[in-house]
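# A structural walkthrough
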Amino acid sequence: MPALFVNARVDTYWLGIDDGSPAATLARAERYRSAGADGIFVPGRLPDVPALVGIGLPLNVLALPGGLTARELGELGVRRISTGSLLFRAALHAAAGTAIAIRDGDPVAADLPTYADIQRLTAGS
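Residues numbered from 1 in each chain as written. Predicted model: local features only at pLDDT ≥ 70, side-chain atom pairs only at ≥ 80, totals over all residues. Heavy atoms only, no water.

### Considering the layout of surface pockets
Test applied: Cavities and pockets are found on a 1 Å grid laid over the protein atoms alone: a cavity is a set of points where a 1.4 Å probe fits but cannot escape, a pocket is an open set with protein on both sides within 12 Å along at least five of seven lines, and a lining residue has an atom within 4 Å of such a point. Grid points are joined across faces, edges and corners, and a volume is the space filled by probe spheres set on the points.
For the largest pocket, the calculated volume is near 160 Å³. Considering the residues around the largest pocket, the lining is formed by G44, R45, L46, V49, V61, L62, A63, L64, G67, L68 and L73.

### What to know about the pattern of salt bridges
Here is the rule we go by: Salt bridges, as used here, are contacts in which a Lys or Arg side-chain nitrogen is within 4 Å of a carboxyl oxygen on Asp or Glu. Throughout, exposure labels follow a simple rule: accessible area from a 1.4 Å probe, protein chains only, divided by the maximum for the residue type, with under 20% read as buried, over 50% as exposed, and the rest as partly exposed.
For the structure shown, the criterion picks out four salt bridges. A salt bridge links R9 to D11, with the shortest nitrogen-to-oxygen separation between them at 2.6 Å. For D11, a relative accessible area of 18% translates into the label buried. Close ionic contact of D104 with R103 constitutes a salt bridge, the shortest N to O distance being 2.7 Å.

### Concerning the confidence of the model for the protein
This is how it is decided: Summary of the metric used: pLDDT quantifies the predictor's per-residue confidence within the range 0 to 100. Helix and strand definitions follow DSSP, with helices as H or I runs of at least four residues and strands as E runs of at least two, each counted in order from the N terminus.
In the predicted model, the protein carries a mean pLDDT of 91, and the fraction of residues at 70 or more is 99%. At the low end of the mean pLDDT range in the protein sits helix α2 (residues 49-53), at 89; at the high end sits helix α4 (residues 86-104), at 96.

### Some points on the side chain of S82
In plain terms, the rule: Distance and chemistry together define a polar contact, namely a pair of N or O atoms within 3.5 Å, with one atom able to donate a hydrogen and the other to accept it when in protein, and with adjacent residues in sequence counting only for side-chain atoms on both sides.
Inspection of the secondary structure puts S82 in strand β4 (residues 80-82). Judged by relative accessible area, S82 falls into the buried class, the value being 14%. A distance of 3.0 Å separates a polar atom in the side chain of S82 from a polar atom in the side chain of N60.

Pasting the structure below:
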């Protein structure tokens, strides 16, 4: 049976509670750590990732367009990267762009996967 992993979400940056200093985020993360959390998830644009890594629990952050790369986050000590709604929003953007191109008589990308490609990708699911 798999073990339960409690990944406590700290929304101080996401909600604009933390204004650049990690103090409120660190205080909340410490309360979660003391209560037994196994990891901390801090979504939002983070000004001080190393300070958050210092809490002593695996840090999970949100991938953001224009933000640090996965490699950069890993080098700073981040242990998990979540995509949130990013993949859905990117797919919706591509779908809308394709629909607009068809409507306007513009070319549609030629390098899209075929139906058979998608079937192969999902066959093991």
